[in-house]
Amino acid sequence: MATLDTVSLDIAVVLGSTVMPVHQVLRLGRGAIIELDSKENDSVKILVNNHPVAEGAVVVSGSRIGVEVRRMLPRSPEYR
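Positions within a chain are numbered from 1, following the residues in the order the chain's sequence is written. In view of the model being predicted, local features appear only for residues whose pLDDT reaches at least 70, and side-chain atom pairs are presented and counted only at 80 or more, with totals across whole chains, interfaces and linings using the full set of residues. The side-chain values count all of the structure's non-hydrogen atoms but skip hydrogen atoms and water molecules.

### Topic: the overall build of the chain
So, step 1. Only runs of H or I of at least four residues qualify as helices and only runs of E of at least two qualify as strands under DSSP, and these elements are numbered from the N terminus. A count of helices and strands for the chain gives one helix and four strands.
So, step 2. On C-alpha atoms alone, the chain measures out to a radius of gyration of 16 Å, which is more than a quarter above the 12 Å that the 2.2 N^0.38 rule sets for 80 residues.
So, step 3. Partly exposed residues are those whose accessible area sits between 20% and 50% of the maximum for their type, while under 20% is buried and over 50% is exposed, using a 1.4 Å probe and protein chains only. Across the 80 residues in the chain, those meeting the buried criterion constitute 8%.
So, step 4. Within the chain, residue pairs in contact and separated by at least 24 positions form 28% of the contacts whose partners lie at least 6 positions apart.
So, step 5. Where accessible areas are quoted, they stem from the Shrake-Rupley method and a 1.4 Å probe; at the residue level, only the protein chains shown are allowed to cover. For the chain, the accessible surface area stands at approximately 7400 Å², while carbon and sulfur atoms represent 55% of it.
So, step 6. Think of it this way: Lys and Arg go in the positive column, Asp and Glu in the negative one, and His and the chain ends go nowhere. We put the charge of a Lys on NZ, of an Arg on CZ, of an Asp on CG and of a Glu on CD. Each charge class in the chain can be summarised by its mean position, and for the 9 positive and 9 negative side chains these summaries are 1 Å apart. For the radius of gyration, the atoms used are the C-alpha atoms, and the globule rule reads 2.2 Å times the number of residues raised to 0.38. When checking whether two residues touch, look at their non-hydrogen atoms; a contact exists if any pair is within 4.5 Å.

Structure (structure tokens):
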């Protein structure tokens, strides 16, 4: 019998996006700053296994950075 301990999920948080030519990406070095299309207080997208499941906000507490879930998204029909 399978348990939840053996289930693996890939969780990603999308802060924003940008469009950049490949030659510019190849010239990026350590510490490079990439300008995104979002603002400081915009919500972030939370993806599980590359599927959007929630929206949230970035939270900073001391030296730790986290994401607070603010709104769960409706499940897509393929996962019902």
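### Things to note about the pairing of strand S4 (residues 64-72)
So, step 1. As paired strands, strand S3 (residues 51-61) and S4 are joined by eight bridges and run antiparallel to one another. Looking across to S4, one finds that Ala-54 is bridged to Met-72.
So, step 2. Two successive antiparallel strands, S3 and S4, enclose a turn made up of two residues, where Gly-62 displays a positive phi of approximately 65°. Strands are treated as partners if at least two bridges between them are detected by DSSP.

### Focus on the sheet that holds strand S2 (residues 44-48)
So, step 1. A sheet is described by the order of its strands in space; here four strands give the open sequence S1-S2-S3-S4, paired in antiparallel fashion. Only two strands of the sheet have a single neighbouring strand rather than two, namely strand S1 (11-14) and S4. Ignoring which end each strand starts from, the neighbouring axes of this sheet average 40° apart.
So, step 2. Two strands pair when backbone bridges link them, and S1 and S2 are joined in this way by four bridges, in the antiparallel orientation. Across the sheet, the residue bridging to Ile-11 is Val-48, located in S2. Axis geometry follows a simple rule: fit a line to the C-alpha atoms, using only the stretch in contact for helices, then measure angles between N-to-C directions, giving values from 0 to 180 degrees.

### Thoughts on the UniProt feature "domain: Flagellar motor switch protein FliN-like C-terminal" (unreviewed entry) in the chain
So, step 1. UniProt positions are given in the numbering used here, feature names are shortened, and annotations may be inferred rather than shown by experiment. Using the residue numbers shown here, the UniProt feature "domain: Flagellar motor switch protein FliN-like C-terminal" (unreviewed entry) corresponds to residues 4-73.
So, step 2. Within the segment residues 4-73, helix and strand shares are 7% and 41% respectively, and the terminal C-alpha atoms sit 22 Å apart.

### A look at the environment of Leu-28
So, step 1. Tracing the backbone shows Leu-28 in the loop between helix H1 (22-26) and S2.
So, step 2. Overall, the relative accessible area of 35% leaves Leu-28 in the partly exposed class.
So, step 3. If sequence neighbours within four positions are ignored, Leu-28 has contacts with Met-20 and Ile-34.

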